Amino acid sequence: MALDHRLRLGVTGMNCGSCVGRVERALNAMPGVIGADVNLATGVAVIDHDGRVSAADIVTTLDRAGYHARLSETRLAVQDMSCASCVGRIERALTAVPGVVQAQVNLPSRRATIRHLDGLRAGDLAAVVTGAGYPARPEAEAQDPAAQEQSEITAMRRRLWVAGTLALPVFLLEMGSHAIPALHHLIAGSIGIQTSWVIQFLLTTLVLIGPGRVFYRLGIPALMKAAPDMNSLVALGTAAAYGFSVVATFLPGLLPATIRAVYYEAAAVIIVLILLGRYLEARAKGRTGEAIRHLAGMRSTTARVERKGSISEVPIDKIGVGDLIHVRPGERIAVDGTVTEGRSWVDESMLTGEPVPVEKTAGAEVIGGTVNGNGALVLKASRIGGDTVLSQIIRMVEEAQGARLPIQGLVNRITMYFVPAVLVAAALTVTAWLILGPDPRLTHALIAGVSVLIIACPCAMGLATPVSIMVGTGRAAEMGVLFRKGDALQSLQDVATVALDKTGTLTMGRPALTAFEVAAGQDRDTLLAQIAGIEERSEHPIARAITEGAREQGLTPARPDAFTSLTGQGVSAQVGPHRFLIGSDRLMRDQGLDIAGFQPRAAELSAQGQTVLFAARDDRIAALIAVADPVKDSARAAIDGLHRAGLRVAMISGDGRATAQAVARQLGIDHVVAEVLPDGKVAALKDLRAAGPVAFVGDGINDAPALASADIGIAIGTGTDVAIESADVVLMSGNLAGVANAFAISRATMRNIRQNLFWAFGYNVALIPVAAGLLYPVNGALLSPILAAGAMALSSVFVITNALRLRRTRAATPVVTEAE
């Protein structure tokens, strides 16, 4: 049997002969597979099939078997797209290529993203798109998007001016003579009506073969391929008006005298109005990508690098990991790194949305793109080029802006059949007028048919969803909220419960000294300095909290003369002539020391979830010490914001129930799950899901399973890379205001998309019947093709303008600067 099709693909996850056997069995069991041969050494599978098997089917089969295909991603810059039909045609052409798993085309950004098996070249994929009628090239070879956008706007403006200049005399000669009888008589008595028609013919021909040529160059081939698009509708409509007018001008004997008229002005002005709409659309679309351009503009081009003892200005692409970078006051930091010398305050608002600068000293991490304050810094480069946080943010925002939301699938299915349906509607309209309409039937049929073709162009439908996504995700990035997975933008609006991890998410994630109260007759500062000096000898987190608390109060820890650790109970030490004992209430009671004077206060602090210790000096209770993981300043406002949004808030913690309940009471949390291990968090999410979809907010490695298993995972950007990689949404700062802001952006964007879709679909549903002549029996009015062209152009401009309102979306919860 002849082998018709063959696919080669890399397979990951195989490590022995039994893996090879499992992969081969899974592939051979697929309908249409003739044979599959897997090589363990090269990690390559060769699959012969009868043509019924797609790359996507193979990827799915491997995933189910526990293995994965090696996939690559290619991005193409695509030109000449004008509507949702163009998007659908390009996607169908790409997905028909053997080896392509998925293709997504974004109309506003003019980008195609293709996931495919290894071996397909970007140039070959670009050739497929170009062959479909849309010039394309690999994104890396394309012109800078901003420059390309500007050059396209300039070219559109030039075509618009030429078309407008040529069409104006045509409009005045024809419509002016209809509106002003004196002008009609002047034209008839001077150059004559026939000469007027010839002049209109010449000027309109220049409009159609010049600025309007693009509609024919793209629309007619698409029509010939039985895949009509917006350009096809414009080409057919203007050609019908122009062709009828040419016959009336040069072959008048073919038409009855009652219907002998010209519609050159309709053909010319339609081109002008549609070009005007595209020009306004292009200018408006240019504003949708401002968030990306703003982020990209934060990249430095050079940096002052120290090498072999000398400092020189070095291009950013010549900096290596480990280089020492000198940053002067007021400069933008070039790359990510660690401060080795200096002290300054750095403005990180472009990343986190928090307006207050952050102090940076030796050992602190700094991010490229942030702005240094009034101090000089020296830092060692740790991440450069595409690995920097700023580059990763730009990449995440671009991916989110190009995302295909579930709602877009419905739009694409409708628009796939929309243009052919419009052609059928136009044909039925013409037929109905020719059969049933009053005289002059042909004139009425022509006007109605052209109006239907022009008014139904699906530009607004194709733009309704992607422009809102672009603006919404860009605004979210400005607020410090990154959507790693674009569909989270839609899924977030359906969430019923927000579950938050406690430590590091609701709290600072490190113990701090919260109370130090002394017995009568004790000097507080002296006693705290002595206790801090003792605890400095211990590595326990509570001990470090006491020492750091003393230093924050300007005290210098005293040096103990002797130190003994009492495992599980506390410590004993000698400081000068004084003997100290520091530990729990049980240790004090075991030593026969009376803590009754501090008991009420200790009970109160314990009820708040704080850890309470006692210090005895020379066999007398001298102080009560309380240590706790402080709640973030932003936590209460964030939870209040979630409650205002109608969301139920839960907390999942590995801490004891008393501590967890105390934090929950303090913050107004609705539901508490305490004393759980990481896998217990996943089980808790399943229980919470009974009330609806659940979003989980966490920051640590132990939160990664819960972030991955939740309906929506939201990672605190100050957390670990593992947690961030497991999440759908990333908050660039540790500020919990971002949680409520993420929900606000999601809801605002989806509301905006629904508004756009309502307008786009409602516009067509309402006006196609009007264009076909629905109102003619009522008031004798037919919609002019010129008005149809104007309405169509305005619909696209309306959709983009409405999407741009998302740039004014306000934070749902004000940013609260966290106390250090």
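Residues numbered from 1 in each chain as written. Predicted model: local features only at pLDDT ≥ 70, side-chain atom pairs only at ≥ 80, totals over all residues. Heavy atoms only, no water.

### Things to note about the nonpolar core
Basically, it comes down to this: Residues enter a nonpolar core if they are buried and are Ala, Val, Leu, Ile, Met, Phe, Trp, Tyr or Cys, with the set joined through side-chain atoms within 4.5 Å. Buried means the residue's accessible area, taken with a 1.4 Å probe over protein chains only, is under 20% of the maximum for its type, while exposed means over 50%, and partly exposed covers the values in between.
Counting 133 residues, the largest nonpolar core has Ile 714 and Phe 743 as the members making the most contacts within it. Core analysis: the next-biggest nonpolar cluster, separate from the first, contains 23 residues, Met 14, Cys 19, Ala 55 and Ile 58 among them.

### As for the UniProt feature "transmembrane region" (unreviewed entry) in the protein chain
Under the convention used in this document: UniProt positions are given in the numbering used here, feature names are shortened, and annotations may be inferred rather than shown by experiment. Strands are runs of DSSP state E lasting at least 2 residues, helices are runs of H or I lasting at least 4, and numbering of each runs from the N terminus.
UniProt records the feature "transmembrane region" (unreviewed entry) at residues 160-180, 186-209, 230-255, 261-280, 414-436, 442-465, 757-776 and 782-804, using the numbering of this structure. As a span, residues 186-209 carries 88% helix and 0% strand, and end to end its C-alpha atoms are 30 Å apart. From the first C-alpha to the last, residues 261-280 spans 33 Å; its make-up is 85% helix and 0% strand.

### Digging into the side chain of Thr 547
Rule in force here: Counted as a polar contact is a pair of N or O atoms within 3.5 Å, where, for protein atoms, one must be capable of donating a hydrogen and the other of accepting one, and residues adjacent in sequence contribute only when both atoms are in side chains. Note on contacts: a residue pair qualifies if any of its non-hydrogen atoms lie within 4.5 Å across the two residues.
Tracing the sequence through the fold places Thr 547 in helix 20 (residues 541-552). Assessed through its relative accessible area of 4%, Thr 547 is described here as buried. Looking at Thr 547, its side chain comes within polar contact range of the main-chain oxygen of Ala 532, at 3.3 Å. Discounting residues that sit within four places of it in the chain, Thr 547 has contacts with Ala 532, Glu 535, Glu 536 and Pro 557.

### Quick word on helix 8 (residues 213-224)
Applicable threshold: In this scheme, a helix's expected span is set at 1.5 Å multiplied by one less than its residue total. The arc in question is the one traced by the directions running from the helix axis out to the C-beta atoms.
When the terminal C-alpha atoms of helix 8 are compared, their 17 Å separation across 12 residues agrees well with the 16 Å that a helix rising 1.5 Å per residue should span. Taken together, the buried positions of helix 8 are Val 214, Phe 215, Leu 218, Gly 219 and Ala 222. Seen along its axis, helix 8 keeps its buried residues to an arc of 95 degrees; they face one direction.

### Regarding the packing of helix 23 (residues 635-644) against helix 28 (residues 737-772)
To be explicit about the condition: Lines fitted to C-alpha atoms define the axes, with helix axes restricted to the stretch in contact, and inter-axis angles between N-to-C directions lie between 0 and 180 degrees. The scheme is simple: roughly parallel for angles under 35 degrees, roughly antiparallel for over 145, roughly perpendicular for 65 to 115, oblique for anything else. Each crossing gets its handedness from the near helix: less than a right angle anticlockwise from the far helix is left-handed, clockwise is right-handed. Charged means Asp, Glu, Lys or Arg here, nonpolar means Ala, Val, Leu, Ile, Met, Phe, Trp, Tyr, Cys or Pro, and polar covers whatever is left, Gly included.
Contact pair helix 23 / helix 28: the axes reach a minimum separation of 7 Å and the direction vectors enclose 25 degrees. One way to sum up the angle between helix 23 and helix 28 is to call them roughly parallel. In the packing of helix 23 onto helix 28, the handedness of the crossing is left-handed. Across the interface between the two elements, Ala 638, Gly 641 and Leu 642 from helix 23 touch Ala 737, Val 739, Ala 740 and Phe 743 from helix 28. A per-class count over the contact of helix 23 with helix 28 returns 6 nonpolar, 1 polar and no charged.

### Here's the deal with the pattern of salt bridges
Operational definition: Here, a salt bridge means any side-chain nitrogen of Lys or Arg that lies within 4 Å of a carboxyl oxygen of Asp or Glu.
Applying the stated criterion to the full structure yields 17 salt bridges. A salt bridge links Arg 589 to Asp 585; the nearest nitrogen and oxygen atoms lie 3.6 Å apart. Of this pair, Arg 589 and Asp 585 are both found in helix 21 (residues 585-590), 4 residues apart, which corresponds to roughly one turn of the helix. Arg 589 sits in the partly exposed class, given a relative accessible area of 49%. Here Asp 585 falls in the partly exposed class, since its relative accessible area comes to 28%. The partner of Asp 711 in a salt bridge is Arg 689, and the shortest N-O contact between them spans 3.0 Å. Taken together, the positions of Asp 711 in the loop between helix 26 (704-709) and strand 29 (712-716) and Arg 689 in the loop between helix 25 (678-688) and strand 28 (694-698) put the pair 22 residues apart, joining distant regions of the chain. Among the residues examined, Asp 711 registers a relative accessible area of 36% and is labelled partly exposed.

### Points about the environment of Gln 530
With respect to the secondary-structure elements, Gln 530 resides in helix 19 (residues 524-535). Residues Gln 530 and Thr 556 lie 26 residues apart in sequence; the distance between their C-alpha atoms is 8.8 Å. When sequence neighbours within four positions are dropped, the list of residues in contact with Gln 530 reads Ala 558, Val 575, His 578, Phe 580 and Arg 617. At 3.0 Å, the side chain of Gln 530 forms a polar contact with the side chain of Arg 617.

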